[in-house]
Amino acid sequence: MGTNNLKEQIQKFQEANTGQMPQEVVALFGRALNELRNSGEAKGLSGGAKAPNFTLKDALGNDVELYNELEKSPVVLTFYRGQWCPYCNLQLKAYQEILPDIHDLGAQLIAVNPQNPDNAMTMKEKAGLSFTVLSDVQGLVADKYKLRFDIPAYVQELYQKMGLNLSDHNAGGEWALPVPATLVIDQNAMIRAVFIDPDYTKRMEPQAILDALKFMK
């Protein structure tokens, strides 16, 4: 199968929505991004590091343990913000399209988000996703992977004005999120490739995932 260009899809989405958000709001989101970059917080794990083990519940309430899954195959592990985030939805749909290729390369895809399982299931059904979606209650796994950050009060106010109350969406009821990140993990739990960027509009390209898996074979 051919892979799509996620960056191009994101650019088209941004172009289609240019001007819909007031400049002062854009400026405040930019300020929050710069503050997060400069804080040194939520930098994530580096390639070559060992991926911490964890157990989380899937959309049906079943426990899924990372190391158990690694006994079966390498894992592409992606952290995203939630079904309310249009960039996350574009990313997950792009990854869904290459899922047969991921499987052909002997790996599996697992997605982690801070929402409760009910919300995760709703998102999964809406998007037609066929990979495992896990709920990271209170952001404990995002903490382990050094991805979790607290949302500044002024951004909380912006989200609430936009009708988004993350404390209702998130399983822990907290105003915190993971920096979006994708890690390719081999069966020894070593991180072989990683993409982390505090700018939530940037995500790992599908082709980069497949290239990393091919390199591991």
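Everything below is about the structure shown above.
Before going into details, it helps to say that this report is about the structure given with it. These numbers were taken from a predicted model, which means no experiment stands behind them. (Residues numbered from 1 in each chain as written. Predicted model: local features only at pLDDT ≥ 70, side-chain atom pairs only at ≥ 80, totals over all residues. Heavy atoms only, no water.)

### Some words on helix α8 (residues 153–161)
Owing to its 3.6 residues per turn, the α-helix brings residues three or four apart onto one side. Going by this rule: When accessible area is computed with a 1.4 Å probe and restricted to protein chains, residues below 20% of their type maximum are described as buried, those above 50% as exposed, and intermediate ones as partly exposed. Each helix corresponds to a stretch of at least 4 residues labelled H or I by DSSP, and each strand to a stretch of at least 2 residues labelled E; elements are numbered beginning at the N terminus. As used here, the arc is the angular range of directions from the helix axis to the C-beta atoms.
Within the sequence span of α8, burial applies to Y154, V155, L158 and Y159. End-on, the buried residues of α8 take up no more than an arc of 140 degrees, which puts them together on one face. Projecting away from the buried face of α8 at angles above 90 degrees are the exposed residues A153 and K161. G163 lies just past α8 and shows a positive phi near 85 degrees.

### What to know about the environment of E41
Convention followed: Note on contacts: a residue pair qualifies if any of its non-hydrogen atoms lie within 4.5 Å across the two residues.
Relative to the helices and strands, E41 is located in the loop between α2 (23–39) and β1 (55–58). Its relative accessible area of 34% is what places E41 among the partly exposed residues. For the pair formed by E41 and F54, sequence separation is 13 residues and the distance between their alpha carbons is 21 Å. Every residue in contact with E41, bar those within four places of it in the chain, is listed here: L36, R148, F149 and D150.

### Section: the pattern of salt bridges
What counts, and what does not: When a carboxyl oxygen of Asp or Glu lies within 4 Å of a side-chain nitrogen of Lys or Arg, that pair is called a salt bridge.
Under the defined criterion, the tally for this structure stands at 8 salt bridges. Ionic pairing is found between D186 and R192, a salt bridge with its closest N-O pair at 3.1 Å. Exposure remark for D186: the relative accessible area of 8% places this residue in the buried category. You can call R192 partly exposed: its relative accessible area is 36%.

### So, the side chain of E69
Among the secondary structure elements, E69 is positioned in helix α3 (residues 66–72). Its relative accessible area of 12% is what places E69 among the buried residues. If we ignore the near neighbours within four places in the chain, the residues touching E69 are V64, V75, Q108 and I110.

### Thoughts on the sheet that holds strand β5 (residues 132–135)
As a reminder of what qualifies: Paired strands are those between which DSSP finds at least two bridges. Note on geometry: axes are C-alpha line fits, over the in-contact stretch for helices, and angles between N-to-C directions span 0 to 180 degrees.
The strand order β2-β1-β5-β4-β3-β8-β9 describes an open sheet built from 7 strands, whose pairing is mixed. In this open sheet, the two strands that pair with only one neighbour each are β2 (63–65) and β9 (191–196). Direction aside, the axes of adjacent strands within the sheet are offset by 30 degrees on average. Note that strand β8 (residues 181–185) and β9 share 5 bridges and pair antiparallel. Along β9, the bridge assignment pairs I185 with I191. Lying over the sheet, helix α10 (residues 206–216) contacts β3 (75–79), β8 and β9, oriented at roughly 15 degrees with respect to β8.

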